[in-house]
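Residues per chain are reported as follows:
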Amino acid sequence: MMHRHPDPVHAAEACAKYILMRLEGAMSSGAQATLAISGGSSPRLMFEVFAKTRFPWERVQLFWVDERHVPPTDPQSNFKLTNEAWLAPGGFPASNIHTVDTSLPPEESARCYAEQIRSFLPLDVVHLGLGPDCHTASLFPGEPLINNRKDLAAAVWVEKMKQWRVTLLPGVLLAARHRVMLIAGSDKAEALRAALYGNPDPQRYPAQLVARDADLFLDEAAALFATNSHE
C-alpha cells in the first residue's frame, strides 16, 4: 500500500508510527518483537521520532538489514547513524541491539550475524530503503545473491562503492511479517516506478523483491514523479 505525504518529515513520522503499531501488535501475542532497520538520510528522521517516543523498547530486539563493513565509529556506519539519532538519546537497551561485527573479515561477519538472527526468525518488521539504482538492502543490480532464498546473510562486495557490506538475504526479507519502505526525493522516483511497474526482473531491479508487497511511505516528490512516470 502506498502512503503519500507532503515532505520527508511527514513521511518519516508516519512510517515511525506505523512501525510502532506493528511492533505493538507483535508484542500483544508474545513477550517481544523483532525489528530490522536500514540506514540513510530518510531513516534518520524516523529514528529521531523513535528517540522521542515512550515505548517499551526493552521488549524489542533490534537488527540491521545491512551494514557497511567499516568500524562502528566510521561516518559510513549504519550503526553509528542509528546510535546517534535514536539508540543513545532514546535509551535503547544495549542488550537488545544486534549489530554486525565488522572487526571480523566480511565473510566471518556475515556468518556470525546469520547465527545471531537465526533464533529470532521470522522477523516481525523489516524496514527497507530504495537506492536510485533500485537496490534495496545491499542487493545491487546484477548481484547473484538476489536469487538466494536459502541463506540468511552474506558478505557482498559493492564494486561501484569499492566496499564490502553485510546484508540480509531475500529469504529473510520475504519471510518477515511486515515490510515497510521509507522513500523520499525525486531522485528515487524512477527506481520506484521500476520497482512497482517495471517488467518483473529482480536482477535488474532488486527492489521488486519487496516493493510490491510492502507498505510504502513516500514524500510527494517521490510519489508524484513516480505516478507521472507510470502514466
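Residues numbered from 1 in each chain as written. Predicted model: local features only at pLDDT ≥ 70, side-chain atom pairs only at ≥ 80, totals over all residues. Heavy atoms only, no water.

### Thoughts on the sheet that holds strand β6 (residues 153-158)
Taken together, the three strands give an open sheet; going across it, the order is β4-β7-β6, and neighbouring strands pair in antiparallel fashion. Of all the strands in the sheet, the pair left with one neighbour each is β4 (66-68) and β6. Taken pair by pair, the neighbouring strands of this sheet meet at an average axis angle of 25°, ignoring direction. Relative to strand β7 (residues 163-168), β6 runs antiparallel, the two being bridged by six bridges. The residue bridging alanine 155 from the neighbouring strand is valine 166, located in β7. (Pairing = 2+ DSSP bridges. Helix = DSSP H or I, 4+ residues; strand = E, 2+ residues; numbered from the N terminus. Axes fitted to C-alpha atoms, helices over the stretch in contact; angles between N-to-C directions.)

### With respect to unusual backbone geometry
Omega for the peptide link from leucine 121 to proline 122 comes to -5°, which places this bond in the cis form. Within the fold, proline 122 resides in the loop between α4 (106-118) and β5 (125-128). Phi is positive for cysteine 134, which is not a glycine, with a value near 75°. For cysteine 134, a relative accessible area of 1% gives the class buried. (Buried < 20%, exposed > 50% of the residue type's maximum accessible area, 1.4 Å probe, protein only.)

### Things to note about α4
Under the 1.5 Å per step criterion, the end-to-end length of α4 is 18 Å for 13 residues, consistent within 8% with the ideal 18 Å. Within α4 the residues assigned to the buried category are Pro106, Ser109, Ala110, Tyr113, Ala114 and Ile117. All buried residues of α4 fall inside an arc of 135° around its axis, so they share one side. Residues of α4 that are buried in the fold lie against β3 (60-64), β6 and β7. (Expected span 1.5 Å × (residues − 1). Arc of directions from axis to C-beta. Contact = heavy atoms within 4.5 Å.)

### Description of the sheet that holds strand β1 (residues 2-5)
Strand order across the open sheet formed by six strands is β1-β9-β8-β5-β2-β3, with parallel pairing between neighbours. Each edge of the sheet is formed by a strand with only one pairing partner; in this case those strands are β1 and β3. Across the sheet, the mean angle from the axis of one strand to that of its neighbour is 15°, orientation sign disregarded. Running over the sheet, helix α6 (residues 189-197) touches β1, β8 (178-183) and β9 (215-219) and is turned about 155° from β9.

### Side note on the packing of aromatic side chains
Under the counting rule described, the total for this entry stands at eleven aromatic pairs. Ring geometry for phenylalanine 50 against tryptophan 86: centres 4.7 Å apart, planes inclined by 55°, an arrangement best described as tilted. Of the two residues, phenylalanine 50 sits in helix α2 (residues 41-52) while tryptophan 86 sits in helix α3 (residues 78-90), which places them 36 residues apart along the sequence. Here phenylalanine 50 and tryptophan 86 have matching classes, each one buried. (Phe/Tyr/Trp six-rings, centres within 6.5 Å; stacked < 30°, edge-to-face > 60°.)

Taken by themselves, the reported measurements are silent on function.
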